[in-house]
Structure formats: structure tokens, C-alpha cells
Amino acid sequence: MSYETDIARIEIIVEELERSEVPLDEALKLFEEGIERLRTASAALMQAEARVRKLIEDSDGGFTLADFES
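What you see is a predicted model; the values in this text were computed from it and never measured.

Asker: Pulling in residues and values, what's your account of helix α1 (residues 3-18)?
Answerer: When the terminal C-alpha atoms of α1 are compared, their 23 Å separation across 16 residues agrees well with the 22 Å that a helix rising 1.5 Å per residue should span. Every buried residue of α1 is accounted for by Asp6, Ile10, Ile13 and Glu16. Projected down its long axis, α1 carries its buried residues within an arc of 125°, all on one side. Residues of α1 that are exposed and angled more than 90 degrees away from the buried face: Glu4, Glu15 and Glu18. On its buried face, α1 sits against α2 (24-54).

Asker: Residue-level account of α2, with values.
Answerer: Every α-helix carries 3.6 residues per turn, so stepping three or four residues along brings you back to the same face. Over its 31 residues, α2 extends 45 Å from the first C-alpha to the last, a length consistent with the 45 Å expected when each residue adds 1.5 Å. Looking at α2, one finds that the buried residues are Ala27, Leu30, Gly34, Arg37, Ala41 and Ala50. For α2, the elements touching its buried residues are α1.

Asker: Describe the pattern of salt bridges, and please don't skip the residues or the numbers.
Answerer: In a structure, side chains of opposite charge can pair up when their charged atoms sit close to one another. For the structure shown, the criterion picks out 5 salt bridges. For the salt bridge of arginine 9 with glutamate 16, the shortest nitrogen-to-oxygen distance reads 3.6 Å. Among the salt bridges present, the one from arginine 37 reaches glutamate 33, with a minimum N-O distance of 3.0 Å. With a gap of 4 residues between them, arginine 37 and glutamate 33 both fall in helix α2, about one helical turn apart. A residue is classified by how much of its surface remains accessible, and arginine 37, at 15% relative accessible area, is buried. With relative accessibility at 25%, the residue glutamate 33 sits in the partly exposed group. Here the salt bridges share partners, and the residues they tie into one network are Asp6, Arg9, Glu16, Glu33 and Arg37.

Asker: Let's hear about the side chain of aspartate 6: which residues, and what values?
Answerer: Considering the arrangement of structural elements, one finds aspartate 6 in helix α1. On the basis of relative accessibility, which here comes to 2%, the residue aspartate 6 falls in the buried class. Dropping the residues within four chain positions of it, aspartate 6 is found in contact with Met1, Arg37, Thr40 and Ala41.

Cut-offs used in this document
- Along each chain, residue indices are assigned from 1 in the same order as the chain's sequence is written.
- Given that this is a predicted model, residues contribute local features only at a pLDDT of at least 70 and side-chain atom pairs are listed and counted only at 80 or more, while totals for whole chains, interfaces and linings are drawn from all residues.
- Based on all heavy atoms of the structure, the side-chain values leave hydrogens and waters out of the count.
- In this text, helices come from DSSP runs of H or I with a minimum length of four residues, and strands from runs of E with a minimum of two, each type numbered from the N-terminal end.
- Working rule for helices: expected span equals 1.5 Å times residues minus one.
- When a residue's accessible area, from a 1.4 Å probe over protein chains only, is under 20% of the maximum for its type it is buried; when over 50% it is exposed; and in between it is partly exposed.
- Regarding the arc, it is the one traced by the directions from the helix axis to the C-beta atoms.
- In this analysis, two residues are considered to be in contact whenever any of their non-hydrogen atoms come within 4.5 Å of each other.
- Take a side-chain nitrogen of Lys or Arg and a carboxyl oxygen of Asp or Glu: if they are within 4 Å of each other, that pair is a salt bridge.

Next comes the structure, spelled out in C-alpha cells:
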């Protein structure tokens, strides 16, 4: 799954959970799915951030790969 897919599904889950007529068992399943998708999306975002930080623009407009320290 992609980051965008996970975020879109999280938004749908939130909308479903905000409805008051969701049975408790279904609400718990949706919550668990939401947490798992949030973890996946967060990990993807952290990986993308690390890749962006590795790219450092040179003074001549080129890019070099720098060591990344977290």
C-alpha cells in the first residue's frame, strides 16, 4: 500500500468512527486498522524524509548524496 492510500483509508475510518451508530466491535476493528495504517504511513513518511535529507544541493545546482544521521 502507498502512503496516499493509507491516508485516504484513515480519513474514511475517522468518518465511520464519528458516526454514533457504529457497533462497538466494528468500531474497535476500524480503530485497530486505523492504528496499523497510521504506523505504516508514518514509516513511509520517515523514509521519504530521510531520502530528502540525504540530498544536498551543491552550489552549482547539482545534488550530492550526503551521509544521513538520525
